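# Structural characterization, general
Each chain, letter by letter, is given below.
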Amino acid sequence: MQGRTGKAPKKELVIESPQQFKYVPVLEEEQDGSGPQGKVKPRVVEPLDYESVLVQRKTQILSDGLRDMLQFPLEDFQVCTLSRQIRTLYSSIPAHALRDAQSLFVQECIKSYISDWHVVNYKYEDYSSDFRQLPIKVSRPDNLAQHVFEVDEDVDKDEDTASLGSQKGGLIKQGWLHKGNVNSAISVTMRSFKRRYFHLTQLGDGSYNLNFYKDEKINKEPKGTIFLDSCMGVVQNNRVRRFAFELKMQDKSGYVLAADSESEMEEWIGTLNRILNSSFELAMQDKRNGDLHDDDEQGKSDHSSSSMDSFQSARDIESKMRNETRLKLFTLDPDLQKLDFSGIEPEVKPFEEKFGKRILVNCNDLSFNLQSCVAENEEGPTTNVEPFFVSLSLFDVQSCRKISSDFHVDMNHPSVKALLPSSGSHNSSAAPDSPQGAQPTAGSLTESVGQFPRQGVFSVTCPHPEIFLVARIEKVLQGGIAHCAEPYMKNSDSAKAAQKVLKNAKMACSRLGQYRMPFAWAARPLFKDASGTVDKSARFSALYRQDGNKLSNEDMFRLLADFRKPEKMAKLPVILGNLDVTVDSVAPDLSNCVTPSYLPLRQTDGVDRGRLVSEVEEFVPSIAKCSQPFTTYNNHLYVYPRHLKYDSQKSFTKARNIALCVEFRDSDEEDALPLKCIYGRPGGPLFCKKAFAAVLHHQQSPEFYEEFKIELPVQLTDRHHLLFTLYHISCDSNSKASTKRREQVETQVGYAWLPLLKDGRVIVNEQQVAVAANLPPGYLSFQDNSSKQHTGQEVKWVDGGRPLLKVSTQLVSTVYTQDQHLHNFFHHCQSIESTGQSGGELIKYLKSLHAMEAHVMVKFLPTVLNQLFRVLTTSGLEDVAVNVTRVMIHVVAQCHEEGLEHHLRSYVKYVLKTETNLTNGKTVHEELAKAMTTILKPSTDFLTSNKLLKYSWYFCEVLVKSMAQYLIETGKVKVSRSQRFSASFYHSVETLVTMLMPHITQKYKDNLDATRNANHSLAVFVKRCFTFMDRGFVFKQINNYINCFMPGDSKTLNEFKFEFLKVVCNHEHYVPLNLPMPFGKGRIQRFQDLQLDYSLTDDFCKNHFLVGLLLREVGGAMQEFRDIRQIAVQVLKNLMIKHAFDDRYSSKGQQARLATLYLPLFSLLLENVHRLNIKDVAPVTNQTNMNGRDDHVMTTPTKNMVSPVDGSLHKEVLGVISGTVSPHTPGVSSVRHTDSRGSLISMDSGNGLSERSIDKPHPLDKCHAAGVLGSSLLRCDKLDQSEVKNMLMCFLHVLKSMSEDALFNYWNKASPTDLMNFFSLLEVCLHQFRYMGKRHIVRTLEGSGSGPVAHERRSQTLPVSRSRTGALHMRLQQLNSLDNSYTYNHTYSHSDADVLNQSLLEGNIATEVCLTVLDTLSIFIMGFKTQLSLDHGHNPLMKKVFQVHLCFLQINQSETALKQVFTSLRTFIYKFPCTFFEGRADMCASFCYEILKCCNSKLSSIRSDAAHLLYFLMKSNFDYTGRKSFVRTHLQVVIGVSQLIADVIGIGGTRFQQSLSVINNCANSDKTIKSTAFPSDVKDLTKKIRTVLMATAQMKEHERDPEMLVDLQYSLAKSYASTPELRKTWLDSMARIHVKNGDLSEAAMCYVHVAALVAEYLRRKGMFKQGCSAFRVVTPNIDEEASMMEDVGMQDVHFNEDVLMELLEECADGLWKAERYELISDIYKLIIPIYEKRRDFEKLAHLYDTLHRAYSKVTEVMHTGKRLLGTYFRVAFFGQAAVSPVFELSLLWPGRLCSCFTSFSFGCNNSLIQL
């Protein structure tokens, strides 16, 4: 991308599908060409001047009861000092070290080790991140309610039929009978009888049922039921079969049953007749009671008021109970359960000493086979016969490095130690010049048992299997190694040999006790693998004799390389003995431990020091990734004499047994003494003045492996040096020698010295040193024999001054560096400070720091950075500041590249202490901001600027901390924000933001990581600026940032933008920043008087800047593609979750005030309401549905019957909401929720109509323009389900939190369209969060797919389907048997616990959403009763509200939720009786349909509540008519039952019968209507229902056979020819079945018959000129509709002209789909005159356009012949087999559209075989 600051680039608009966008006209002035093609940049809304507003509205804010939500708290941040915690009991820094140090680098190092931590604490920082980091952790409640859903009930589980019989009668009789198959087409024959088990029971209302089953297991639903309410009598009938009898029914039909014997027959006939007689007498009694009531005037009084009051009080109780157990919706949000660490900042800890893998080494024993008692009297234990000394160290064979210092151990028995002379001859006590002389610890440990440590702790930073623990064993010098080891290598005559060795050892110890000689070595591997697993099972190898020619470390590496080669190790000479050393991991609470400097750790104090543990210094590899910043003072020098080449010297006669002595001196004067700073050996003092290396017998060119550890002084000078003195040791103790000769043990044979400093740095690595024969004063000036400029005594060089001694040194220091560039930089800074000269050359030294070694940089990181910040403010040159920043960028980049960025975080948080330069007034934050701006300017050094972007977090954190420390130190934190910082700094910040933005928006393609990091760092910096700076200024910077983005930007840029907004909006005082307060003019307003903004007006976005900006950007993102939308919605939702659980705003009033900030979310959702696709309600669908009509531009319904307020919603969406096209999931959805059809948009004819198609585009289709966002086009593609759910979750949270006043305010201000869409949103909420059931969850988790299953005709797949259901059924039984506790499993495996967990979560979400919507409806009904009651409740608003109520019943609800729903529906009926009982019956019809489905629920509590509610409806209807009748409810209940039967919902079972019994019992026990005809009317109704059920019983048997099912429904429709409502019901049902099966022509004919039926009704009423005869041109069968009769049902029919218009348009739609284009004109001939009369030219234009296309289609298909219509075959039967009555007929048999004769005949044969 290029040219962000200039001309905007031209972008290509990518459209996902052709119909996703609908263009809206854009004003010319908006099309300035600045944005991408087709999109216009939103208007810029300038933020308010925050600080000025606070001053102007101070009184208003202080008087606000929730003022804490409007003000930042006082002392929001503070700078505090934390004491540095150290491991040791005493400081590691010597006394007066800072005073003695002269070098600036040493001084700064020491300061960094003694300074405390400087931390900026933000009081409410815990609230400044994601909701997951809130101090009160957001988590799901431990015990979620176990909600019961019908969908989870066992498919086959039903109550025992006998249990459904009441105590009144219960089971009367049972037994086997033969049932005749009665069919309209087949007469009863002998072959048609089937053996069934019959069960005669009495229900609770006193009625009797005769159920029959396939076997004696009666715990399932019966195969059928005969309702004896409709039975007129029982007579014997032997014409068909012996012992047969017939039950005569009221509708002139009958049932033929046959017993196995005459006695059984007579018993059954007698029992049935007795029952029928008793029922008749009871009915007559009820009738007499009703007649008495008609004559009683007092009975006409209304007794319903008291019952209504009881319902009201019940409503209050239920509402109270509902509110007591409510959960916050967001506690149930699935995102809350996900482990998301993306937004979590890494925990920053202060610097501390860190170690590698720590190993504890226990030295237990060293024993040789050669042993004896060493005591003179031979009393005592048997021990080694001479003292041995062990040193342990670690060797890394891979890198050929010795990786630890030596750990010296003395394991000799006290009696053996006694052989050695006192150690005081060569070592004096602690002297004042000891570097540790002032430490109280050292002396105390020296004098204690710490002299003989047995345990050491080794540390290994990089463990691997090639690391060995090597033990070197030495003994007192006696002679040659081979000679001394010989007795130890033999097994024979050990006692005699031991005595001999002991005798020699005593002599050697007394004479040469302080000299050692190499003796043996052993090794063992330390680790099993590279992960640091300690090899505890390994033991030390055999003890190998040392070879005098192979003593060096290089030789040891060669030996270890062959260690795992037995054939090579077997060649080495072995000393018979055992070294017992064990290794183990170090316990965390290890006590009694001292550091390598012998400082005791904290837990050592007060602990028994009997077993002191010594830490052994590790030589960490000099690579950055293994390094860490130094935190303690350490200044050790390790000296390693390597080799002395003395074989050619001529200066001394004897120089064979050479002992090398090391001293550390600070002067070369004649009387100079060595410093006591060399660490001693076990048994001696802690420090000594000199130390000896092991002696090799008779070696003139000896090799050494000795290690000398020296504690260096704080300040080294050029005079400090190492002095090596060489001695010839006389080992000859022969008695023949003279006494003088025996006494002379040492003879000096040379001197060598090695200065420590060179060019100010300590000399390390290997050095070749010349040896002098004498040591004159001032010898340091004689570096070699070439030095001639000297006075005084000459130096006599051995062997001509050639370098004979090879020495190497290793520095382990935290105050001296080996890096030349770092040393030079500090040295130059010190010279500038001391001389006061300008830093002209400073830039050169700064640039040289780029060459500093990475590991040195890491080790001295705090010291280096501190000095760089000091230079930043002291220098007056701008180039210096820029170069300092460049060096800092290099340092930061190096740390990141090595994976050590956590060190930088620790530095910034704990170490950084910026100070204002008092001389020039410069501050770190201002100078750094200027330097960063300079580096970001377009230049050739793009690498540096890229690094600055990539690691910008560091510099932003430094800016923030510097600002905080500046405000506290200068006291400016107490002044007004506008005066806290200089104008130049404000300008610097603004320039920095301006310079950063082009990099972010242009470089993201080439350098994604760098720009993403820079974007996040900028967001963090801006967020923190709210704490320190003028907040209005910060708002402007945010605005400047947002203005750099454009609509249509790439996904990456949108990610950047919303990441920025997310971080900024997570500020801990986000709420006060948005000022949730009134902003009216004039007097100070109360919040209650606030004119709330429900849309994103300019004033809202200005006054509530952050939330307005976020909502604007979310609204803009909704017009982008799915990935961008999801990012935006997630940011918004996470922010709202955070506010919901912020304990600072936990009260109801605070949450309500918070909700006002998000009220524009309503308008945002309503703008996109046409994109809410709720057809896919499966919990896990990640793909947007892009097929079919779902992605078309939304179509506005254009029917006259629908008010314009409904026009904003997609009709199909409304159809789904109402259940018209409800997803069908076989075997999962509960019976009563399948195929709900209660949509009011298609119910104005009085009951459910099939949904209209939207295949044909409508010329009047419109989409709302996104006016707030200023976009020139509006996307119309469907939103992804996850987006919909997240948006609705936010919507519901606001809805639940906001006050009732705010809700009323919104409803009063909303337009009719918005108000309707608001309730549509509530419906969408119910559908989106509905509970799908455990079976669905199982399928989802098993990956078998989710979402709607296509409605296909099942034939061959039926057995598979059944087996699948059976498997799910078994799985569900297993789930139900599990414990209800749930476990967290965020990956959702297939375990049963996961299914229970998910079902628990989804069940609680569904219930909470249901209750939230229910509360909202209750509030609305309470405040808008007048508006709802207009036109007797038949207005669009009432329809919409009622439709939401119906939605509760149409989808799965929990038992808990349904109880509340039923209570609300009672109240609804009580408040609006006219809606149900006057005018059109559409609401009453849909209500009855849904309640009747509930009466068939598998849950007994729901059945009971539904039955009581239905009874309440009947009684209310009865009371409303003045206690005359309830004709409407009576009719609609019968129609509802018919619809349920037509939908093949099995309501003829025992569950539904129980509900009918409850209704009857209510009528019989209701005292208020005891003496009225109401109970008998109710009984008549239930009787009629049972009659209908019996008449349609065969439908359930043929539900898998569409043709047979339609045939049965056609017969029923004909039987109801006299009742238009019922006939229309069955015709509608037939149409739905035809559409489902793809028989579109047949469906169209059904529509024609329905329209003809209504036309005939209107003609008879004088409301329409033409009746059904007008349709004869379409079908000759239309005369069936002329048989309509004026019966009682006609009293409640409310057909009118509008209904007819809708039905005629539906006919035209159906004919178009069926490709019957020729017939459309005949239908339109009936419509056009009406529209012409109304002068509705829009509709006429649409009709003629459709006619034009229809005729064009006719012409096309006539020409091409490409039209496939239905095929019918006439089938006749011939031959001897045709004996059954069915074979005597000639049948018309339908085929499919493309069926050929062969395929048809094959299917026909299969069907006939079944007959």
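This is a predicted model, so every value here is computed, not measured.

What follows covers the overall build of the protein chain. Counting secondary structure elements, the protein chain contains 57 helices and 39 strands. Considering only contacts within the protein chain whose residues lie at least 6 apart along the sequence, 77% involve residues at least 24 apart. Here the protein chain has roughly 75,700 Å² of accessible surface; of this, 51% comes from carbon and sulfur atoms.

This brings us to the packing of aromatic side chains. All told, the structure shown has 66 aromatic pairs when counted by the stated rule. Plain terms: the ring middles of Phe869 and Tyr907 are 6.4 Å apart, the flat faces sit at 5° to each other, and that makes the pair stacked. Taken together, the positions of Phe869 in helix 18 (residues 861-874) and Tyr907 in helix 20 (residues 901-911) put the pair 38 residues apart, joining distant regions of the chain. Exposure class is identical for Phe869 and Tyr907. Each is buried. Above the face of the Trp268 ring, Lys173 is positioned so that its terminal group lies 4.9 Å from the ring centre. Over the aromatic face of Phe72 sits the side chain of Arg1031, whose NZ or CZ is 4.4 Å from the ring centroid.

Scanning all chains against the criterion turns up 45 salt bridges. Linking Glu486 and Lys490 is a salt bridge whose minimum nitrogen-to-oxygen distance equals 2.9 Å. A cluster of three or more residues bridged by salt bridges with shared partners is formed by Arg87, Glu353, Arg358 and Glu615.

Taken in spatial order, the 5 strands make up an open sheet running 22-11-17-24-23, and their pairing is mixed. Edge positions in the sheet fall to strand 22 (577-585) and strand 23 (593-594), since each of these pairs with one other strand and no more. Here strand 23 runs beside strand 24 (residues 613-615); their pairing, made up of 2 bridges, is parallel. Each residue of the ladder has a partner; that of Cys593, found in strand 24, is Val613.

By secondary structure assignment, the location of Cys593 is in strand 23. Residue Cys593 is classed as buried on the basis of its relative accessible area, which comes to 1%. Measuring from C-alpha to C-alpha, the distance between Cys593 and Leu612 comes to 6.0 Å, with 19 residues separating the pair along the chain.

Bringing the environment of Glu347 into the picture now. Checked against the element boundaries, Glu347 lands in the loop between helix 7 (304-324) and strand 11 (357-368). Along the primary structure Glu347 and Ser906 are separated by 559 residues, whereas in three dimensions their C-alpha atoms are 9.5 Å apart.

Glancing now at the pairing of strand 9 (residues 244-249). Most of strand 9 is tucked away: 5 of the 6 residues are buried. As paired strands, strand 9 and strand 10 (residues 254-258) are joined by 5 bridges and run antiparallel to one another. Across the sheet, residue Glu246 finds its bridge partner in strand 10, namely Val256.

Attention shifts here to the packing of helix 21 (residues 924-936) against helix 22 (residues 942-950). In contact at an axis separation of 9 Å, helix 21 and helix 22 are set at 130° when each is read in the N-to-C sense. Taken together, the axes of helix 21 and helix 22 lie oblique to each other. Here Met932, Ile935 and Leu936 of helix 21 come into contact with helix 22, specifically with Thr944, Ser945, Leu948 and Leu949. Taken together, the residues of the contact of helix 21 with helix 22 break down into 5 nonpolar, 2 polar and no charged.

Taken as a whole, helix 22 has its buried residues at Thr944, Ser945, Asn946, Leu948 and Leu949. In this structure, the buried side of helix 22 is in contact with helix 19 (878-897), helix 21, helix 23 (952-970), helix 24 (983-1002) and helix 25 (1008-1028).

The next subject is helix 42 (residues 1436-1450). Compared with the 21 Å implied by 1.5 Å per residue over 15 residues, the 20 Å span of helix 42 between its first and last C-alpha is a close match. With respect to burial, helix 42 is a largely interior element, 14 of its 15 residues being buried.

Pairing within the open sheet is antiparallel, and its 4 strands lie in the order 29-26-31-32. Strands at the two margins of the open sheet, each flanked by one partner only, are strand 29 (690-692) and strand 32 (746-755). Put simply, the sheet's adjacent strands are angled 20° from each other on average, direction ignored. Relative to strand 32, strand 31 (residues 721-729) runs antiparallel, the two sharing 9 bridges. Of the residues in strand 32, the one forming a bridge with Ile729 is Glu746.

Moving on, we come to the confidence of the model for the protein chain. Residue-level pLDDT values for the protein chain average 77, and 75% of them are 70 or greater. Contacts of residues 183-188 to residues separated by more than four positions or lying in other chains number 9 contacts, the stretch itself having pLDDT below 50. Note that residues 1083-1089 has pLDDT below 50 and, in this model, 13 contacts with residues that lie over four places away or in other chains.

Here we come to the side chain of Asp819. When you line up the elements, Asp819 lands in the loop between strand 36 (803-813) and helix 15 (820-835). The side chain of Asp819 is buried and forms no salt bridge, while Arg761, the nearest opposite charge, is found at 7.3 Å. Only 2.9 Å separates the side chain of Asp819 from the backbone nitrogen of Leu822, close enough to count as a polar contact. Excluding residues that lie within four positions of it along the chain, Asp819 makes contacts with Arg761, Met852, Glu853 and Val856.

Cut-offs and rules
- Sequence order as written defines residue numbering, which begins from 1 separately in each chain.
- Totals for whole chains, interfaces and linings use every residue, but because this is a predicted model, local features are given only for residues with pLDDT of at least 70 and side-chain atom pairs only at 80 or more, for both listing and counting.
- Side-chain metrics rest on all non-hydrogen atoms present in the structure, leaving aside hydrogens and water.
- Put simply, DSSP H or I for four residues or longer makes a helix, DSSP E for two residues or longer makes a strand, and each gets a number counted from the N terminus.
- We call two residues in contact when some of their heavy atoms are within 4.5 Å.
- The Shrake-Rupley method, run with a 1.4 Å probe sphere, supplies the accessible areas, and residue values consider only the shown protein chains as cover.
- Only the six-membered ring of Trp is used, alongside the rings of Phe and Tyr, when aromatic pairs are assigned; centres must lie within 6.5 Å, and planes under 30 degrees apart are stacked while those over 60 apart are edge-to-face, with the rest tilted.
- Accessibility here uses a 1.4 Å probe with only protein chains present; expressed as a share of the type maximum, an area under 20% marks a residue as buried, one over 50% as exposed, and anything in between as partly exposed.
- For a lysine, the NZ atom is tested; for an arginine, the CZ atom; a charge sits over a ring if that atom is within 6 Å of the ring centre and within 35 degrees of the ring normal.
- Each salt bridge in this description consists of a side-chain nitrogen of Lys or Arg and a carboxyl oxygen of Asp or Glu lying within 4 Å of one another.
- In this description, strands pair whenever DSSP reports at least two bridges between them.
- Only the contacting stretch of a helix is used when fitting its axis, a line to C-alpha atoms as for every element, and angles between N-to-C directions run 0 to 180 degrees.
- Under this scheme an angle from 65 to 115 degrees is roughly perpendicular, one under 35 degrees roughly parallel, and one over 145 degrees roughly antiparallel; angles in between are oblique.
- For this scheme, ten residues count as nonpolar: Ala, Val, Leu, Ile, Met, Phe, Trp, Tyr, Cys and Pro. Four count as charged, namely Asp, Glu, Lys and Arg, and the remainder, Gly too, count as polar.
- One less than the residue count of a helix, multiplied by 1.5 Å, gives the span that helix is expected to have.
- pLDDT is defined as a per-residue confidence score from the predictor, taking values between 0 and 100.
- Charged-residue counts in this description rest on Lys and Arg as positive and Asp and Glu as negative, His and the chain ends being excluded.
- Distance and chemistry together define a polar contact, namely a pair of N or O atoms within 3.5 Å, with one atom able to donate a hydrogen and the other to accept it when in protein, and with adjacent residues in sequence counting only for side-chain atoms on both sides.

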